[in-house]
Amino acid sequence: RSVGIIGAPFSKGQPRRGVDRGPDAIRAAGLLHGLHEQGCAVKDYGNLTFEEPPDDEPVGRVKHVRAVGSANQRLSEAVQAVKLDGRVSLMLGGDHSLAIGSIHGHAAAVGQLAVVWVDAHADVNTPLTTPTGNIHGQSMSFLLHELHSKIPILPNFSWVKPCVSAKDLVYIGLRDLDPAEHYTLKLLGVKLFSMTEVDRLGVARVMEETCDYLCAKAKKPIHLSYDIDAIDPAVTPATGTPAVGGLSYREGLYIAEHLCQTGLLSGVDLVEVNPLRGRTKDDVRSTVSTAVDLLLACFGRLREG
Ligand SMILES: CN[C@](CCCC[B-](O)(O)O)(CCN1CCCCC1)C(=O)O
Ligand SMILES: [Mn+2]
Ligand SMILES: [Mn+2]
Ligand SMILES: [Mn+2]
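The present account deals with the structure reproduced in this document. (Residues numbered from 1 in each chain as written. Chains lettered and ligands numbered in written order. Predicted model: local features only at pLDDT ≥ 70, side-chain atom pairs only at ≥ 80, totals over all residues. Heavy atoms only, no water.)

Observations regarding the nonpolar core
Step number 1: Formed by 53 residues in total, the largest nonpolar core has its most connected members in Ile26 and Ile172.
Step number 2: In terms of residue count, helix α10 (residues 281-298) provides more of this core than any other element does, nine residues in total.
Step number 3: Counting 24 residues, the second largest nonpolar core, distinct from the first, contains Leu48, Ala71, Val79 and Leu154. (Core = buried A, V, L, I, M, F, W, Y, C linked by side-chain atoms within 4.5 Å. Buried < 20%, exposed > 50% of the residue type's maximum accessible area, 1.4 Å probe, protein only. Helix = DSSP H or I, 4+ residues; strand = E, 2+ residues; numbered from the N terminus.)

The following block contains the structure:
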């Protein structure tokens, strides 16, 4: 497998300091060494640098609009370039607002794609429904064709073209949604496996159904957007929006292993690792090493050796 790594040290999609340290923390925990060990051809494109637009006043309730829009435009271009290099793009966050640029750039390069969103949260508030104004909870709303008419014009966002159809999106791990998000997902008929379904069906069946559902019509390249807070906070506490009752380490790995073996994985995000949100060094170590293990599984590592 050929992998192109992009570091996106960005935090303005949410209010907590530290998530911009995610990319270097994940590298320092041995990501590249591990990928090389398992035979991947790896190119590290380094960390993007982001401008800080002055006077970035909220627009309505939405915070850091200009910074988020500008950062994601740059990320979109970078991901598109990695795809045109013929590699699987691996974006290291940074907060989950970065999925806007990552998925946009991926779709610009490959056309129609399927999205598997592994997260405690749906990140599908619109700028008009968000309870917090934090764009990391709104990312999908900018990308879905079906929500196009619900998105107001925002500064530095005019470049964003919706590029995902609701039928090509699957959520896994949901357990903390806002009312408007729940309503939207029901209205659009988005396929989702909340933690209730994970408990009821088991992760193997969830992945079987996910792949059957996404591959039913045509096989599309898959974009996996993995929010580390999908995993139970007992395993990955160093993150900004922890929610109890998450995926076990093993379930998280299985999801990555299964998607890898489809051979359709074309883009990956690993976001919301925040080294400042661990209470102890062990908290941070456990979070970052789990992130590395999930990524090694995305790119071919099997527990059977
Ligand atoms: C559930 N929606 C939240 C969290 C978004 C998390 C983003 B992610 O990238 O980490 O998944 C939270 C909104 N609630 C906060 C607590 C009070 C009720 C609203 C939001 O801010 O929209
Ligand atoms: Mn998220
Ligand atoms: Mn989340
Ligand atoms: Mn459209």
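Structure shown, so let's carry the discussion forward.
Here's the deal with unusual backbone geometry
Step number 1: Put simply, glycine 93 and glycine 94 share a cis peptide bond, and its omega is 10°.
Step number 2: Tracing the sequence through the fold places glycine 94 in the loop between β3 (88-93) and α4 (99-110).
Step number 3: Positive phi is not limited to glycine here, since aspartate 55 has a value of about 50°.
Step number 4: Structurally, the position occupied by aspartate 55 is in the loop between β2 (41-47) and α3 (65-84).
Step number 5: The phi dihedral of aspartate 123 is positive, around 50°, even though this residue is not glycine.
Step number 6: Positionally, aspartate 123 belongs in the loop between β4 (114-118) and α5 (139-143).
Step number 7: Residue aspartate 123 is classed as buried on the basis of its relative accessible area, which comes to 4%.

Things to note about α3
Step number 1: Over its 20 residues, α3 runs 28 Å from end to end, which matches the ideal 28 Å to within 8%, given 1.5 Å per residue.
Step number 2: Looking one or two residues past α3, glycine 86 carries a phi angle of roughly 80°, positive in sign. (Expected span 1.5 Å × (residues − 1).)

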